[in-house]
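Topology and contacts: notes
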Amino acid sequence: MSNEPTPSPQPDPPARIAVAGGTGTVGRHVVEIARRRGHDVVVLSRTTGVDLVAGTGLEEALHGVQVVVDVSSQVSQKSSESRDFFGTVTRNLLAAEAGAGVGHHVALSIVGIDRAPHGYYAGKVLQEELVRASEVPWSILRATQFHEFASQIHGAVTLGPLHVVPRMLSEPVAAAEVADRLVDVATAPAAGRVRDLGGPRRERMVDMVRRWASATGRPGRVVAVPLPGALGRAMRDGSLVTGADADHGTTTFDQWLETVR
Ligand SMILES: NC(=O)c1ccc[n+]([C@@H]2O[C@H](COP(=O)([O-])OP(=O)(O)OC[C@H]3O[C@@H](n4cnc5c(N)ncnc54)[C@H](OP(=O)(O)O)[C@@H]3O)[C@@H](O)[C@H]2O)c1
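What you are looking at is a predicted structure, and each value in this text was computed from that prediction instead of being measured.

Moving on, we get to the overall build of the chain. Each helix and strand counted, the chain has nine helices and 13 strands in total. On C-alpha atoms alone, the chain measures out to a radius of gyration of 19 Å, which is about the 18 Å that the 2.2 N^0.38 rule sets for 261 residues. Each principal axis of the C-alpha distribution contributes one length, and for the chain these read about 55 × 55 × 30 Å. Taken across its 261 residues, the chain has 51% of its residues classed as buried.

This is the structure:
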């Protein structure tokens, strides 16, 4: 046996990484983590003068960029609007990347998008199709709902003091842990679809929303309703949680709640 000391892991060579949606919930963690690891980061968002739908400012922003991480998003749950946004943004990004000689496109997607007929997911399915067909080498990471999802869904449907949430089985994951994995993927060679990332445990969405409302002092009652049809079934039957061959973050929903109290 050799007495040579084990070499300590070498940091990645610094790369120039563009983060599309780098001001968003997961995007701001991607930017922070990539910078902390010594990479040169460019943020692509309207706040920084790049409109990914209109394509304005994109060509200049991609100058010298080696990897693009796309974590942009829009709020509409309508299929046509979601397909318009993710289709247009993905086409614009991939065309600009091909022109600028970007060597790797990384897209963040969602576990179960092809198992649930949800309007927002229709846009994510189109996004994945476009990325897979692209000449730019690519990686796709699918993650489950972020812990923040509970706060977003709390105010979505209200009836007086009642907050109505769909009956749903979720496996929430910390956005920071998704971001950490995205930076790993971005700084490795393009790998196609990588292993899905979920949270450490499964939770009922109604319980998550109640715990978030209680921790943040929101009044009112939170009730769960079963959504009808195939979407409702998919939400309830585990279609949106990871399968056996997935990785898992370690930050539980309750640990995350401690940070937002
Ligand atoms: N939320 C979840 O639970 C979850 C779970 C798994 C995967 N995902 C995926 O993760 C990705 C990010 O989601 P998120 O919740 O972090 O998004 P988000 O918080 O809504 O942030 C969206 C980002 O997109 C940017 N953006 C929107 N329209 C733009 C435009 N026209 N041009 C340039 N930038 C634009 C926004 O910046 P400006 O407003 O400054 O332009 C912002 O930085 C999405 O692809 C989503 O499908 C989300």
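From this point, the narrative continues.
Near the ligand lie 28 residues; those nearest to it are Thr23, Arg46, Thr47, Tyr120 and Lys124. Between the ligand and Ser45, the relevant distance is 3.3 Å, taken from an oxygen atom to a side-chain nitrogen or oxygen of the residue. Residue Tyr120 places a side-chain N or O atom 2.7 Å away from an oxygen atom belonging to the ligand. Considering the ligand on its own, with 910 Å² of exposed area, one finds that the protein chains cover 87% of that surface. A majority-of-atoms criterion places the ligand in the largest pocket. Only helix 3 (79-100), strand 4 (104-110) and helix 4 (119-132) provide two or more residues apiece to the shell around the ligand. Counting residues per element, the shell around the ligand draws most heavily on strand 4, at three residues. Among the residues forming the shell around the ligand, the class breakdown is 13 nonpolar, 12 polar and three charged.

Quick look at the layout of surface pockets now. If you add up the space inside the largest pocket, you get close to 1,400 Å³. In terms of lining, the largest pocket is formed by 48 residues, of which the most central are Ser73, Gln74, Val75, Tyr120 and Gln152. Every element with two or more residues in the lining of the largest pocket is listed here: helix 3, strand 4, helix 4, helix 5 (149-154), strand 7 (162-166) and helix 8 (229-236).

Applying the stated criterion across every chain, the model contains three aromatic pairs. Where Phe86 meets Tyr120, the ring centres are 5.5 Å apart and the plane angle is 85°; that geometry is what we call edge-to-face. With Phe86 in helix 3 and Tyr120 in helix 4, this residue pair connects regions lying 34 residues apart in the sequence. Residue classification places Phe86 among the buried positions, given a relative accessible area of 0%. By relative accessible area, which is 14% here, Tyr120 ends up buried. Between Phe253 and Trp256 the ring centres are 5.6 Å apart and the planes differ by 35°, which places this aromatic pair in the tilted class. Taken together, the residues span about one helical turn, with Phe253 and Trp256 both in helix 9 (residues 253-258) at a distance of three residues. Like Phe253, the residue Trp256 is buried in the burial classification. Every member of this aromatic cluster is reached through a ring pair, and the members are Phe85, Phe86 and Tyr120.

On the UniProt side, "domain: NAD(P)-binding" (unreviewed entry) is annotated at positions that read residues 21-189 here. Helix makes up 40% of residues 21-189 and strand 18%. Its end C-alpha atoms lie 22 Å apart.

Before going further, it helps to spend a moment on the sheet that holds strand 7. Strand order in this open sheet of three strands is 6-7-12, and the pairing throughout is mixed. Bordering the open sheet on either side are strand 6 (158-159) and strand 12 (221-225), each of which pairs with just one other strand. In the sheet, strand 6 pairs with strand 7 via two bridges, with the strands oriented antiparallel. Across the sheet, the residue bridging to Leu159 is Leu162, located in strand 7. Contacts from helix 7 (residues 205-215) reach strand 7 and strand 12, with the element oriented near 170° to strand 12.

With their axes 7 Å apart at the nearest point, helix 3 and helix 4 run at an angle of 25° to one another. Relative to helix 4, helix 3 is oriented roughly parallel. Note that helix 3 runs across helix 4; the crossing there is right-handed. Taken together, the residues of helix 4 that come into contact with helix 3 (itself represented by Ser79, Ser82, Arg83, Phe86, Gly87, Thr90, Arg91 and Leu94) are Gly119, Tyr120, Ala122, Gly123, Lys124, Leu126, Gln127, Leu130 and Val131. In terms of residue class, the contact of helix 3 with helix 4 is made up of seven nonpolar, seven polar and three charged.

The rules we used
- Residues numbered from 1 in each chain as written.
- Predicted model: local features only at pLDDT ≥ 70, side-chain atom pairs only at ≥ 80, totals over all residues.
- Heavy atoms only, no water.
- Helix = DSSP H or I, 4+ residues; strand = E, 2+ residues; numbered from the N terminus.
- Rg over C-alpha atoms; globule rule 2.2 N^0.38 Å.
- Buried < 20%, exposed > 50% of the residue type's maximum accessible area, 1.4 Å probe, protein only.
- Near = heavy atom within 4 Å.
- Polar contact = N/O pair within 3.5 Å; in protein donor to acceptor, adjacent residues only side chain to side chain.
- Areas by Shrake-Rupley, 256 points an atom, 1.4 Å probe, with all protein chains shown as cover.
- 1 Å grid on protein atoms, 1.4 Å probe; cavity = no way out; pocket = protein on both sides within 12 Å on 5 of 7 lines; lining within 4 Å.
- Sits in = over half its atoms within 2 Å of the grid points.
- Nonpolar A, V, L, I, M, F, W, Y, C, P; charged D, E, K, R; others polar.
- Points joined across faces, edges and corners; volume = space filled by probe spheres on them.
- Phe/Tyr/Trp six-rings, centres within 6.5 Å; stacked < 30°, edge-to-face > 60°.
- UniProt positions renumbered as here; feature names shortened; annotations may be inferred.
- Pairing = 2+ DSSP bridges.
- Contact = heavy atoms within 4.5 Å.
- Axes fitted to C-alpha atoms, helices over the stretch in contact; angles between N-to-C directions.
- Parallel < 35°, antiparallel > 145°, perpendicular 65-115°, else oblique.
- Left-handed = near helix turned anticlockwise from the far one by under 90°.

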